[in-house]
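Overview (structure and organization)
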Amino acid sequence: MSPESKTEKKTYPPLERVPAHVGIIMDGNGRWAQARGLPRLAGHRAGTDNLRRVLRATAEFGVHVLTIYAFSTENWGRPEDEVHGLMELMERMIDRELPKLHEEGVQIRHIGRLERVPDRLKEKIRHALELTKDNQRLILNVAFNYGGRSEIVDAVRRIIQDGVAAEAVDEALIARYLYTAGLPDPDLIVRTSGELRVSNFLIWQGAYAEYYVTPTYWPDFDKDELYKALVAFNQRERRFGLLPG
Ligand code: FPP
């Protein structure tokens, strides 16, 4: 039996609380590859394969919204062949996975700006969003060409364009203008590969999220690791700025 199928058959003690929305900063693909003497893109390929496994595990544990940080507005500054490789991987992932994700009831959403994304990929993303828009089992929110600050800039621009009066601007209104409008804020944000940084990910929505950082590189972050993150979440006392109750 392969290690993967062993993990799939394993049962996990039930969790008292399951976060409705989990965000993941999938970091460490490059280091994973480097540790094996492989090119960085091999790490991104392994990371893409892992995404499929983690997605299924997330749904099995009962999480309703998963936001993944796939490509940041800052990632355009990486070497051209890496950027190109990531665009290609994204395309291939849509081609390969979309029918199955649709069948499994996954609703795909995109957060970020599409403007710099190559036309063919843009079309594939639009098709994936349209095809899956009524699915309800799991919302997969893909942060692609995403930056938390540019999200807030886009929101402010649209608020001004809509002629909203200054007195009408409050937190609820801003939330409605963010890319994540209508979704609950993330309860838990996981970061792999050990860095203690937010990296411009869901900076508004994550204001009260619990953060969980593991040294494990993203391609090795499996169902057991996800379960550990959920257990850690259960051990946290969420206070939302209040006193212990
Ligand atoms: C961070 O690892 C990861 C990324 C920049 C991309 C994450 C993408 C995937 C897991 C694949 C799914 C998404 C696409 C776009 C196909 P890193 O390269 O920063 O790792 P390092 O810090 O070890 O160098």
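Residues numbered from 1 in each chain as written. Predicted model: local features only at pLDDT ≥ 70, side-chain atom pairs only at ≥ 80, totals over all residues. Heavy atoms only, no water.

A word on the overall build of the protein. Within the protein, the secondary structure is distributed over eight helices and six strands. Seen in sequence order, the protein has helices and strands lined up from the N terminus as α-β-α-α-β-α-β-α-β-α-α-β-β-α. Against the globule reference of 18 Å for 245 residues, the protein gives a C-alpha radius of gyration of 18 Å, in line with a compact fold. In terms of overall dimensions, the protein has a C-alpha envelope of 60 × 50 × 35 Å along the principal axes. Sorting the 245 residues of the protein into buried and exposed places 49% on the buried side. The contacts in the protein between residues at least 6 apart in sequence include a share of 78% that link residues at least 24 apart. (Helix = DSSP H or I, 4+ residues; strand = E, 2+ residues; numbered from the N terminus. Rg over C-alpha atoms; globule rule 2.2 N^0.38 Å. Buried < 20%, exposed > 50% of the residue type's maximum accessible area, 1.4 Å probe, protein only. Contact = heavy atoms within 4.5 Å.)

What follows covers the pairing of strand E2 (residues 65–72). Most of E2 is tucked away: seven of the eight residues are buried. Bridge analysis of strand E1 (residues 21–25) against E2 gives five bridges, and the strand direction is parallel. In the strand pairing of E2, Gly23 is matched with Thr67. Across seven bridges, the pairing between E2 and strand E4 (residues 138–146) is parallel. Looking across to E4, one finds that Ser72 is bridged to Tyr146. (Pairing = 2+ DSSP bridges.)

A word on the site of the ligand. Residues in close proximity to the ligand total 18 residues, the closest being Asp27, Gly30, Arg31, Arg40 and Arg78. Measuring from an oxygen atom of the ligand, one finds a backbone N or O atom of Gly28 at 3.3 Å. Arg40 is positioned with one of its side-chain polar atoms (N or O) 2.7 Å from an oxygen atom of the ligand. With respect to the detected pockets, the ligand is housed in the largest pocket. Of all the secondary structure elements, the ones that give two or more residues to the shell around the ligand are helix H2 (29–35), helix H3 (40–60) and helix H4 (80–103). Among the elements that make up the shell around the ligand, the one with the highest residue count is H3 (four residues). Tallied by class, the residues present in the shell around the ligand amount to seven nonpolar, seven polar and four charged. (Near = heavy atom within 4 Å. Polar contact = N/O pair within 3.5 Å; in protein donor to acceptor, adjacent residues only side chain to side chain. 1 Å grid on protein atoms, 1.4 Å probe; cavity = no way out; pocket = protein on both sides within 12 Å on 5 of 7 lines; lining within 4 Å. Sits in = over half its atoms within 2 Å of the grid points. Nonpolar A, V, L, I, M, F, W, Y, C, P; charged D, E, K, R; others polar.)

Looking now at the sheet that holds strand E6 (residues 210–214). Read across the sheet, six strands follow the order E3-E4-E2-E1-E5-E6 without closing on themselves; strand pairing throughout is parallel. Looking along the sheet, the strands with just one partner apiece sit at the ends: strand E3 (106–111) and E6. Taken pair by pair, the neighbouring strands of this sheet meet at an average axis angle of 20°, ignoring direction. Looking at chain direction, E3 and E4 are connected through six bridges and run parallel. Residue pairing for E4: Val106 is matched across the bridge by Leu138. Across the sheet, H3 touches E1, E2 and E4, and the angle it forms with E4 is around 140°. Of the strands in this sheet, strand E5 (188–192) and E6 touch helix H8 (residues 223–235), which is tilted by about 145° from E6. (Axes fitted to C-alpha atoms, helices over the stretch in contact; angles between N-to-C directions.)

As a volume, the largest pocket reaches approximately 610 Å³. Around the largest pocket sit 29 residues that line it, and Met26, Tyr69, Ala70, Phe71 and Asn75 are the ones nearest its centre. For the lining of the largest pocket, the secondary structure elements donating two or more residues are H2, H3, E2 and H4. Taken together, the residues of the lining of the largest pocket break down into 13 nonpolar, ten polar and six charged. (Points joined across faces, edges and corners; volume = space filled by probe spheres on them.)

Shape is all these values report; function is a separate question.
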